Amino acid sequence: MLSYLIAGLAVGAVYAISAMALVITYNASRVFNFAQGGMAFFIAYCFYWLVNDVGLNSYLAAAIAVLVIAPVLGLFLWAVLLGRLSSATPLARLAAMIGLSVALTAGTSVIFGHETIVQPKGIIQNSGQALKLGGVSVSDEQLLILVVAALIAGVGYLVLNKTSAGLITRGAVDSQMMTVLTGTNPGKVVAGTWMVGTAIAGLAGILIMPSVGLSAIGFANVVAASFAGVVIGRLTNLWWGFFGALAVGVAQSVVIPYLPDEGLLATALRPSMPFLFMLIAILVQIRSAGVRDDTQSREVARLSTKAESNEAHVHAVMRDQRGAWDRWVGWAVLAVVVFLVPIVFEQFWVGVIALGMAYGIALLSIRPVTGETNVVSLCQISFVGIGAIAAAQLSTTYGWDVTTSLIIGAVVAALCGLVVGVVCLPLGQLYAAITTFAFALLAEQVIYTRPTFSNNDSGVFLDRPTIAGVYLLDNTQFFYFATAVFLVVAGVLALLRRSTAGLALATIRSSRVRASTLGIPIYRSRLALFALGAAIAGLAGGIIASYQYVAFPAGYSAALGLTWFAIAVAQGPSSIGGLAAAGLSLSVAPALFGTFLPTRLADVPAVLFGLMAIQIVANPAGINPQLRSAFRLLARKLTPQHPPNPPGDDEGVRADVSTNAPVPVGSSR
Amino acid sequence: MSDVLLSVKDLRIVYGEAQAVDGVSFDVPQGQCLAILGANGAGKSSIAQCLAGLVPAASGSITIDGEDTTKAHGHVLAKQGVAYLPEGRGIFPTLSVADNISLGVRVCAKDKRAAAEERVYEYFPILGKRRKQQAATLSGGEQQMLAVGRALVTDPKLMVVDELSLGLAPLIIDDIYAALRIAKDGGTTMVLIEQYVERALAFADNAMVLRRGVVAWEGPANGAAEAVAHSYMGDTAIDTALAS
């Protein structure tokens, strides 16, 4: 047992260091660092490069990576992005950080190479036994991790509590305005905090590297485990976060002797532990004093309200720019595309575009969840995977008709969505993002790895459906099928928004207090939308698997889910055209890069998707609505005398804005 | 008349499309106090925040002690001797009383900080008994004492005080005004924004009444009562009251 305890302490110590970095940066900037896994990955890779390619001593390399590269990275990111996030909406903040995570992780692969290094050496290049404790040997690596964690905790405590820099930081955490009034530039405090936080995250990455390898998913798992500690510490309590994360690591290790040799418990319990700890912490917090996150604090709420009113203004300007005929242009373009794609392109590219439309259906699931209920769900990809697996099982294992299997797959995903929604909808936006991301990782490690579903990592066969007597063997036929399903789902979502229920949802989105005074069932409405989103994702999962002839669970990873979310938000989470464009980008961009460019650049599309998500800070409505707006302005100029806008044809309350003004990018009005 | 310390010319403050302050001008001589009065939404707090560098001016100019501070940041102004007491409680709620004061006196020169800290406890001895206590757990009056004390001991050349007496018991307000009086007598120039009109007019030398972002009346504090009534209740209400 002692050996398991020591091993658990070593792993937990890394989680704890990572949690500490998350809490420090969140406290000072109110920005939750979803990109910490990407930062740690980049810095660990820098360390690896310095040791193996440059030939530096590992201790010197670690010092350069942690004390030079990491702070410079933190300062650079603060200057170009993070410093601007404090005045963005909570959704824009989250989306930008997720975009940064995607761009950093993919960018690291572009810079350093695509291959996963399974067992890289850490700071101690030839690890051996350091000492014996109660008859149990403790390795050099374990001892180093424990000493470093203790040092960071100790130095952190002293700096925060005994120095003026620590006092200023604690003051800035309390109130940025008051910090200004005491003659301190809060921007400098926040920048310094990001430098320190990035350095600590990088150190955690270097320490855990020998255990998880140099792979993005390994780092994502470590950061997700530290999320549990952060939730235990209610996002802001450094020491609860530190020791909570430590406890997760210890618990993951000490249960090993009690696990059965095989079965669900044997493989599923340990990876589930961060999620279980998180769940328990949330339940305890709800019972004691409720769950709060940044969106509920007064100071942030004031900033958010300002940012949200700016965003509403952008949307209002766009609605008011609607001309007489230009609204049909989108449909005309779609009709031409549907007509031309099978004629112009070869079957391979038609298939790529068909897959893009299927991805588009999956991304449509973000509209009811994020677009309508304002919940940042990072597990939509898990519902896609669940739908794919369920459809494949029903069709191939149990012999059901493929079309029926696709529909039942959607129902199964909707049921899973209900369960996740019950947990995360009562929480704030940030907590919901954390828990849904944790669920995505849980699904990846616990559900998808079941032998029945993974089929020795080769996936389960799923045939293409037969619709109205036509077996969709041909890619062209499948393209028409996927496009038709996309249009039907999009139509349902558009009608939903224009219906009475849609009006109720708009009221909830605008103000829950107002909605409750009108007797609108807030929780039930949001839960129904969340389940609808999961059902759409599940249906898309079945269609994607059917196109590929296989439900391949590894294709629905949490990390990929972040990329999906990033591109969807970048294009506009409420825009149907934007989500179609995002789906096509997910399929077409990698195919183009894979076909025409070297393998080394395979991750460039992901970098671009991440960067596109980051620009949401400047353009909160998304790229597609922005382009549409520019086109409408052009249409206005080209139309000699356009009739006045008909009353009540828009999706919300019309604002009194100048109709000829261009849409203000990054409006600060 | 003594030298003008604060001079505001044609100040405009806007939030998006809403204009909070429109063309306000005033001067405050060295060592005097100007009370800015008016109903909710008149633009009083916007002016206070603009003077403290927390809200940008859309146009116009602010000059403090001969220096143009229109575009200066809040932390720079704090170091230059502009102390702002915000509406509510200007404290760091999760820090202890001692930590609050330590942060507050950081605008002083290093060798004067320890003495400044002790002066807070001389102004408000009750805070001396609460040094280790978290600021959020103090009573409302003690929190305001902490905020005022923190600002007073830095010997500011300009103090901007926003809604000082909000939610406080009269006896506590007396104590706090007594401390402000010491600072004023010591030469500190003040801009006082206050809902408690009688108290403000008794303390201030001059007054200015704002109405929907413009100056409705200005003059000596002892002649402001009627203008204030018009501002708070509206002309019709006052005329009706006078007629009856």
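Residues numbered from 1 in each chain as written. Chains lettered and ligands numbered in written order. Predicted model: local features only at pLDDT ≥ 70, side-chain atom pairs only at ≥ 80, totals over all residues. Heavy atoms only, no water.

Participant: Got a minute to help me understand the overall build of chain A in this structure?
Facilitator: The helix and strand tally for chain A stands at 27 helices and six strands. Residue burial in chain A is summarised as follows: out of 669 residues, 57% are buried. In chain A, 79% of the contacts between residues at least 6 apart in sequence involve partners at least 24 apart. (Helix = DSSP H or I, 4+ residues; strand = E, 2+ residues; numbered from the N terminus. Buried < 20%, exposed > 50% of the residue type's maximum accessible area, 1.4 Å probe, protein only. Contact = heavy atoms within 4.5 Å.)

Participant: Explain the domain arrangement of chain B here, please?
Facilitator: When the parts come together, some accessible area is lost, and that loss is often what is quoted as the size of the interface. Residue and element names in this part refer to chain B. Taken domain by domain, chain B consists of domain 1 (1–81 + 156–168 + 175–243) and domain 2 (89–155). Taking both partners together, domain 1 and domain 2 bury about 1000 Å²; carbon and sulfur atoms supply 74% of that area. At the boundary of domain 1 with domain 2, the tally comes to zero salt bridges. In this assembly, domain 1 and domain 2 are joined by one residue pair in polar contact (both at pLDDT 80 or more). When contributions to the side of domain 1 that touches domain 2 are tallied by element, the ones reaching two or more residues are helix H2 (74–79) and helix H7 (170–185). Here the element with the most residues in the side of domain 1 that touches domain 2 is H7; it accounts for six residues. Broken down by class, the residue content of the side of domain 1 that touches domain 2 amounts to eleven nonpolar, one polar and four charged. (Domains from an automatic or database assignment. Buried area = accessible area lost by both parts, 1.4 Å probe. Salt bridge = Lys/Arg side-chain N within 4 Å of Asp/Glu carboxyl O. Polar contact = N/O pair within 3.5 Å; in protein donor to acceptor, adjacent residues only side chain to side chain. Nonpolar A, V, L, I, M, F, W, Y, C, P; charged D, E, K, R; others polar.)

Participant: Explanation requested: the pattern of salt bridges in the structure shown.
Facilitator: It is possible for side chains of opposite charge to pair when their charged atoms get near one another. Residue and element names in this part refer to chain B. By the definition in use, this model includes ten salt bridges over all chains. Across the pair Glu 118 and Arg 131 runs a salt bridge whose closest N-O atoms are separated by 3.6 Å. Here Arg 131 lies in the loop between helix H5 (125–128) and helix H6 (140–152) and Glu 118 lies in helix H4 (residues 113–123), a separation of 13 residues in the sequence. In this structure, Lys 184 engages Asp 205 in a salt bridge whose closest nitrogen and oxygen atoms are separated by 3.2 Å.

Participant: Please clarify how the nonpolar core should be interpreted in this entry.
Facilitator: Where a protein is soluble and globular, its nonpolar side chains tend to be buried together. Counting residues in hydrophobic clusters, the biggest one holds 188 residues, and the most contacted among them are Phe32(A), Phe34(A), Leu100(A) and Phe383(A). At 13 residues, helix H18 (residues 429–447) of chain A tops the list of elements feeding residues into this core. Shared between two domains, this core holds at least three residues of each, these being domain 1 (2–290) and domain 2 (348–557) of chain A. Ignoring anything within four residues of it in the chain, the contact list for Phe34(A) reads Leu94(A), Met97(A), Ile98(A), Ser101(A), Phe227(A), Leu378(A), Leu430(A), Ala433(A), Ile434(A) and Phe437(A). Of all hydrophobic cores here, the second largest spans 46 residues; its members include Leu37(B), Ala147(B), Met159(B) and Val209(B). (Core = buried A, V, L, I, M, F, W, Y, C linked by side-chain atoms within 4.5 Å.)

Participant: Whenever I open this one, the pairing of strand E9 (residues 206–211) of chain B confuses me. Can you help?
Facilitator: Within a regular strand, side chains alternate between the sheet's two faces. Residues and elements named next belong to chain B. Alignment of strand E3 (residues 33–37) against E9, held across four bridges, turns out to be parallel. Counterpart to Leu 34 in the pairing with E9 is Asn 206. Relative to strand E10 (residues 214–220), E9 is paired through six bridges, and the arrangement is antiparallel. Bridge assignment links Val 209 to a residue of E10, and that residue is Trp 217. (Pairing = 2+ DSSP bridges.)

Participant: Just checking my understanding: could you explain the domain arrangement of chain A for this structure?
Facilitator: Residues and elements named next belong to chain A. Taken domain by domain, chain A consists of domain 1 (2–290) and domain 2 (348–557). Between domain 1 and domain 2, the C-alpha centre-to-centre distance is 32 Å. Facing the 27 residues of domain 1 at the interface are 21 residues of domain 2. Between domain 1 and domain 2, a total of about 2100 Å² is buried, with carbon and sulfur atoms accounting for 81% of that surface. Summed over the shared surface of domain 1 and domain 2, the number is zero salt bridges. Where domain 1 meets domain 2, there are one residue pair in polar contact (both at pLDDT 80 or more). Elements represented by at least two residues in the side of domain 1 that touches domain 2 include exactly helix H4 (90–112), helix H9 (216–232) and helix H11 (264–288). Sorting elements by how many residues they give to the side of domain 1 that touches domain 2 places H11 first, with eleven residues. Class assignment of the residues belonging to the side of domain 1 that touches domain 2 gives a composition of 21 nonpolar, five polar and one charged.

Participant: Just to check I follow, could you spell out the confidence of the model for chain A for this structure?
Facilitator: Predicted coordinates in areas of low pLDDT are best not read in detail. Residues and elements named next belong to chain A. Considering every residue of chain A, the mean pLDDT works out to 83; 89% of them sit at 70 or more. Across residues 293–304, confidence stays below pLDDT 50; counting only partners more than four residues off in sequence or on other chains, it has 26 contacts. Scored below 50 in pLDDT, residues 647–669 shows 50 contacts in the model against residues more than four places distant or in partner chains. (pLDDT = per-residue confidence, 0-100.)

Participant: Would you mind showing me how to read the packing of aromatic side chains here?
Facilitator: Each aromatic ring pair is described using two quantities: the centre-to-centre distance and the angle formed by the ring planes. Residues and elements named next belong to chain B. One pass over the full model with this rule turns up 28 aromatic pairs over all chains. The ring of Tyr 121 has Arg 131 sitting right over it, with the charged end atom 3.8 Å from the ring centre. In this arrangement the basic side chain of Lys 184 is found over the ring face of Phe 203, its NZ or CZ atom lying 5.9 Å from the centre. (Phe/Tyr/Trp six-rings, centres within 6.5 Å; stacked < 30°, edge-to-face > 60°. Lys NZ or Arg CZ within 6 Å of the ring centre and 35° of its normal.)

Participant: Before we go on, may I ask you to explain the packing of H4(A) against helix H26 (residues 604–614) of chain A in this structure?
Facilitator: Any two packed helices are characterised by how steeply their axes cross, that is the angle between the axes, and by the distance between the axes. Residues and elements named next belong to chain A. At a minimum axis distance of 7 Å, the contact between H4 and H26 shows a crossing angle of 155°. Comparing the axis directions of H4 and H26 gives the class roughly antiparallel. In the crossing of H4 with H26, the sense of the turn from one axis to the other is left-handed. Contacts between H4 and H26 involve Ala 95, Ala 96, Gly 99, Leu 100, Val 102, Ala 103, Ala 106, Gly 107 and Val 110 from the former and Val 604, Ala 606, Val 607, Gly 610, Leu 611, Ala 613 and Ile 614 from the latter. Taken together, the residues of the contact of H4 with H26 sort by class into 13 nonpolar, three polar and no charged. (Axes fitted to C-alpha atoms, helices over the stretch in contact; angles between N-to-C directions. Parallel < 35°, antiparallel > 145°, perpendicular 65-115°, else oblique. Left-handed = near helix turned anticlockwise from the far one by under 90°.)

Participant: Can you help me understand the pairing of E3(B) in this one?
Facilitator: Residues and elements named next belong to chain B. Within E3, five of the five residues are buried, leaving the element largely enclosed by the surrounding structure. Both E3 and strand E8 (residues 189–193) contribute to a ladder of four bridges, which runs parallel. Across the sheet, residue Ala 35 finds its bridge partner in E8, namely Leu 192.

Participant: Looking at this structure, how should I read the side chain of Arg464(A)?
Facilitator: Residues and elements named next belong to chain A. For Arg 464, the location among the structural elements is in the loop between strand E3 (460–461) and strand E4 (466–467). For Arg 464, which is buried and forms no salt bridge, the nearest opposite charge comes from Asp 463, at a distance of 6.6 Å. In this structure the side chain of Arg 464 is engaged in a polar contact, spanning 2.9 Å, whose partner is the backbone oxygen of Leu 473. For Arg 464, the side chain forms a polar contact with the side chain of Asn 475, separated by 3.2 Å. (Lys, Arg positive; Asp, Glu negative; His and termini not counted.)

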